[in-house]
Every structure is written in structure tokens, then in C-alpha cells.
Amino acid sequence: MSHYFSTKEVALALGVSQSSVKRWCDAGDLEMVQTSGGHRRISLVSLFQFFRRNQRLPDQPEILGLPYLSKHEEVDYGAEKCRFKESLISSDEEVARAVILSLYLSQTPISSIGDKLIAPVFSEIGNLWDCGDVQIYQERRCCEITLRILRELRSLLPPVAETAPLAIGATPPGDAYSLPVALVELVLRERGWNAISYGCQVPLTSLEKVVEEQHPRLIWISASYIPEHKKFLADYKSLASLALAEGTIMVVGGQGIGCSMRREMEFHMFGDTLRHFELFASICYQTDYPNANGVNVEYSSIAESLS
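How each quantity is defined
- Residues numbered from 1 in each chain as written.
- Predicted model: local features only at pLDDT ≥ 70, side-chain atom pairs only at ≥ 80, totals over all residues.
- Heavy atoms only, no water.
- Helix = DSSP H or I, 4+ residues; strand = E, 2+ residues; numbered from the N terminus.
- Rg over C-alpha atoms; globule rule 2.2 N^0.38 Å.
- Buried < 20%, exposed > 50% of the residue type's maximum accessible area, 1.4 Å probe, protein only.
- Contact = heavy atoms within 4.5 Å.
- Areas by Shrake-Rupley, 256 points an atom, 1.4 Å probe, with all protein chains shown as cover.
- Lys, Arg positive; Asp, Glu negative; His and termini not counted.
- Charge placed at Lys NZ, Arg CZ, Asp CG, Glu CD.
- Pairing = 2+ DSSP bridges.
- Axes fitted to C-alpha atoms, helices over the stretch in contact; angles between N-to-C directions.
- Patch = residues over 30% accessible without salt bridge, like charges linked within 9 Å, V, L, I, M, F, W, Y side chains within 5 Å.
- Salt bridge = Lys/Arg side-chain N within 4 Å of Asp/Glu carboxyl O.
- Parallel < 35°, antiparallel > 145°, perpendicular 65-115°, else oblique.
- Left-handed = near helix turned anticlockwise from the far one by under 90°.
- Nonpolar A, V, L, I, M, F, W, Y, C, P; charged D, E, K, R; others polar.
- Core = buried A, V, L, I, M, F, W, Y, C linked by side-chain atoms within 4.5 Å.

What follows deals with the overall build of the protein chain. Each helix and strand counted, the protein chain has 13 helices and eight strands in total. Against the globule reference of 19 Å for 307 residues, the protein chain gives a C-alpha radius of gyration of 21 Å, in line with a compact fold. C-alpha atoms of the protein chain, sized along the principal axes, occupy 65 × 50 × 35 Å. By residue count, 49% of the 307 residues in the protein chain fall in the buried class. In the protein chain, the share of contacts with a sequence separation of at least 24, taken over all contacts with a separation of at least 6, comes to 71%. As presented, the protein chain carries roughly 14,700 Å² of accessible surface, and 48% of it is formed by carbon and sulfur atoms. Here the protein chain contributes 29 positive and 38 negative side-chain charges, whose respective centroids are spaced 4 Å apart.

In C-alpha cells:
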């Protein structure tokens, strides 16, 4: 996929005149670069954000390497979940791309795309797998397709500011569920954080090195599955001790961390949904929270101040 387009290509894709595109460039509505010959070139990131801000879609998205996109005045999640699930199971990647990218362009927050579309669809796919109606290769294929779409969406987000606070995250050893940690990264980046996911099955002792070398403002641990509870708790205690001493915010989530485990852990917030992470990260971005280290916070206790 080309990342830069001429004003002629953009005009054809949008169904407008070339002079209109040039006017948008001159007004700063479309960010552009100029070639050595003085020709305007417009990035796909700039175009994508232009579509989102102005709630308009290209007439010929294939010129830009995009699927056919639709605008949602009000999202029907029931219909979108059905369409997304069916496209994943049938390996129709173009339709799956269109569902997620259309929702984003309709100004749907990434947290809602994750909580209301991706999470419930994969829960349904997991149930079909348990019942034998979906084979394991199909479930893995669904994950791979969705990960590719999320990586594409990440590349289309506006770049974060150089001064943006650093956030790092990963899943612990034994947890190969890559979608949650990828979605948290996207949610944080949408909120202005320089969020970096280190992916799956990262030893927590290795994250200690990141704390010592890069001094992140926030660490998130996504744990959908923990095979060895005692080892996880011991390694987490070491990481949290270092991070809290550094003033780093500790955020955890995932169904692998039950209530009994939480009572043995120190963190600043446990989130059950991406929206929890989003709201908490927003207030951390805007303020000097936390003022004290090592205090566990259940989301419900701070919901009023964040809403």
C-alpha cells in the first residue's frame, strides 16, 4: 500500500476537483509534503484523519488501498458483530477491515471497538470452538486477521507528540493472547500516550530492565491466562516494587487475574474493560496522578471523578 498520494489521486478517490484538494492542503486541512520538483504529496495518515474529522468517505477507496467503507450515524453493534464474526470465520479479510475501519472513521473510540465488537465476537468464536463448530486453525486465523487490521489501524493514527509520556505493556509468560495487549496499546495511543506493546509472553524480569533504562510513566500487564500463579505473583512483586519506587503507574487487567490474586498485588488500577483503561489513562495524562505509590484502586471507586 502506497503511503503518499498525488493531489490527482486524492481528487479521484474523493470524487472532487484537484483544485479542492490543493485548497485543503493550503488551508492546512490536509497535511502534505513537497517533492524536490514542488509537487504536493499527501500521506494516507493525513487523509484518514481528514476523513474522520470531516465525516466523509472516499468514493473510490481502492485508489488509496482501502476497502469499501460505510458511515455510521448510529452504530448497530448487533449487526456489526454478526458481519465481523462471519467475515473472520470465512477468512474474508476485506470485509473485516471494512467493519473496523468504518467504525473508526465514524468517530467510534477504539475502546468501544474493542469492548463492543472485538471482545464479544471472539467470545462467541471461542464458544463455537468449544462446541466443535469452529476448528482451531479457524480461531487462530481469526486472531491473525484481526491483529493485521489493528496493526494497520495503528499505522493510520496520528503520530504522538515527542513529549508524550511513555507507556509499555505485555502479557506475562504463558499468556499467548495477543489481541488484548494490542488493543490497550491502540487505546493509549489514541489518547496521546507513546504506548509500546512488547507483545506476548514477556518475562516480567525483562520489563524491569525497561523500567531501569527507559523510565516509563505507565506499565500495563494484560493477563488472560496465568499457568503458574506463585511464580507470576513473585515476579510481579519484584516488578511492581521497582516501578512504584520509580513513580511508575502500574495498571493490570485480564480474566487471568482473579480477586484473590489482586489482593496480593500492588497496582494503581485494575481494569475489566478497555474503557476503564482509557478513562484512567486520560486522567493520568492530564494530571500528576498518582500522588502516592502502592495504592490499589478498583475502577468503580474512581469512576465518578473520571466520567
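What follows is about the side chain of Glu 278. You can see Glu 278 is positioned in helix 12 (residues 274–286). For Glu 278, the contacting residues outside a window of four places in its chain are Pro 109, Ser 111, Val 187, Glu 190 and Arg 191.

Strand order in the open sheet made by the five strands is 5-4-6-7-8, with parallel pairing throughout. Looking at which strands have only one partner, the edges of the open sheet turn out to be strand 5 (194–197) and strand 8 (269–271). For this sheet the average axis-to-axis angle between neighbouring strands, irrespective of direction, equals 20°. The sheet contact formed by strand 6 (residues 218–222) and strand 7 (residues 249–253) spans five bridges and is parallel. Each residue of the ladder has a partner; that of Trp 220, found in strand 7, is Val 251.

Strand order in this open sheet of three strands is 1-3-2, and the pairing throughout is antiparallel. The open sheet terminates on both sides in strands that have one partner only, identified here as strand 1 (4–6) and strand 2 (32–34). This sheet shows a mean twist of 40° between the axes of neighbouring strands, independent of strand direction. Contacting strand 1 and strand 3 (40–43), helix 1 (residues 7–14) crosses the sheet at an angle of about 85° to strand 1. Running at roughly 65° to strand 3, helix 3 (residues 44–54) makes contact with strand 1 and strand 3 of the sheet.

Let us look at a nonpolar patch on the surface. Where nonpolar side chains cluster on the molecular surface, the patch consists of Trp 129, Ile 136 and Tyr 137 and spans about 320 Å² of accessible area. Position of Ile 136 among the secondary structure elements: in helix 7 (residues 136–156). Look at Ile 136 and you get partly exposed, because its relative accessible area is 40%.

Moving on, we come to the packing of helix 5 (residues 93–105) against helix 6 (residues 110–130). Two elements in contact, helix 5 and helix 6, have axes whose closest approach is 10 Å; the angle formed by their N-to-C orientations is 140°. The orientation of helix 5 with respect to helix 6, classified from their angle, is oblique. As helix 5 runs across helix 6, the sense of the crossing is right-handed. The segment helix 5 lies against helix 6, with Val 99, Ile 100, Leu 103 and Tyr 104 engaging Ile 110, Ile 113, Leu 117 and Ile 118. Grouping the amino acids of the contact of helix 5 with helix 6 by side-chain chemistry returns eight nonpolar, no polar and no charged.

Now for the pattern of salt bridges. Applying the stated criterion to the full structure yields 12 salt bridges. One salt bridge in this structure joins Glu 94 and Arg 97, with 2.9 Å as the shortest N-O distance. Here Glu 94 and its partner Arg 97 are both found in helix 5, three residues apart, which amounts to about one turn of the helix. Look at Arg 97 and you get buried, because its relative accessible area is 8%. Across the pair Glu 278 and Arg 275 runs a salt bridge whose closest N-O atoms are separated by 2.7 Å. You can see Glu 278 and its partner Arg 275 sitting in helix 12, three residues apart, about one turn around the helix. For Glu 278, a relative accessible area of 1% puts it in the buried group.

It is worth spelling out the nonpolar core at this point. The biggest cluster of nonpolar side chains holds 65 residues, and the ones touching the most others in it are Phe 84, Leu 88, Ile 118, Leu 188 and Trp 220. Grouped together as the second largest cluster of nonpolar side chains are 27 residues, Val 210, Ala 223, Leu 233 and Val 252 included.

These figures come from the coordinates and say nothing about function on their own.
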